[in-house]
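# Architecture and fold: a report
So you can see what is in the structure, the chains are spelled out below.
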Amino acid sequence: DLILSLAGIEMGSLGIVRVLRLCRLLRLLRVLRMFTVLKELRRLIEMMAGCFKTLFWSCLLLFLVMTIWAVIAVELINPTVQQIADEG
């Protein structure tokens with residue numbers, strides 16, 4: 001925050017900074033595409049990008065399953081805990 005305020009950039013215009021970073025990254029990727037020598041690196045990056053989609057959906061499914069089991073556990077265990085608390 002201090003560096004951004006010294007540079008005269010407000011937190012509201014932070015979205016613009018992100019867009020500029022993305023443009024720089026895309027420009028870098030375009031330069032990497034031009035090199036035929038780095039064909040293996042490009043293939044590796046493409047495969048990693050393809051895996052991120054699968055990884056995202058896997059994490060989302062895992063999150064949903066864990067959330068559902070947590071809700072079920074709370075519903076089943078809560079009456080027992082309340083009973084123990086009432087007894088002393």
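Residues numbered from 1 in each chain as written. Predicted model: local features only at pLDDT ≥ 70, side-chain atom pairs only at ≥ 80, totals over all residues. Heavy atoms only, no water.

### Considerations on the overall build of the chain
When helices and strands are tallied, the chain shows three helices and zero strands. Per-residue burial for the chain yields a buried fraction of 1% across its 88 residues. Summing over all exposed atoms, the chain offers an accessible surface of approximately 8500 Å²; the carbon and sulfur share of this is 71%. (Helix = DSSP H or I, 4+ residues; strand = E, 2+ residues; numbered from the N terminus. Buried < 20%, exposed > 50% of the residue type's maximum accessible area, 1.4 Å probe, protein only. Areas by Shrake-Rupley, 256 points an atom, 1.4 Å probe, with all protein chains shown as cover.)

### Some thoughts on a positive patch on the surface
Together, R18, R21, R24, R27 and R30 line one region of the surface with positive charge. Structurally, the position occupied by R18 is in helix α2 (residues 14-34). (Patch = residues over 30% accessible without salt bridge, like charges linked within 9 Å, V, L, I, M, F, W, Y side chains within 5 Å. Salt bridge = Lys/Arg side-chain N within 4 Å of Asp/Glu carboxyl O. Lys, Arg positive; Asp, Glu negative; His and termini not counted. Charge placed at Lys NZ, Arg CZ, Asp CG, Glu CD.)

### Regarding the environment of R42
Structurally, R42 can be placed in helix α3 (residues 39-87). We classify R42 as partly exposed; its relative accessible area is 30%. Considering only alpha carbons, one finds R42 and L29, 13 residues apart in sequence, at a separation of 9.1 Å.

### Looking at the confidence of the model for the chain
Counting all residues, the mean pLDDT for the chain is 80, and 75% of those residues have values of 70 or more. Taking the mean pLDDT of every element in the chain, the minimum, 56, falls on helix α1 (residues 2-6) and the maximum, 91, on α3. (pLDDT = per-residue confidence, 0-100.)

### Re the packing of aromatic side chains
For any pair of aromatic rings, the description rests on two quantities: the centre-to-centre distance and the angle between the ring planes. As enumerated under the stated definition, the model contains one aromatic pair in all. A centroid spacing of 5.1 Å and a plane angle of 70° characterise the contact between F56 and W57, whose relative ring orientation is edge-to-face. (Phe/Tyr/Trp six-rings, centres within 6.5 Å; stacked < 30°, edge-to-face > 60°.)

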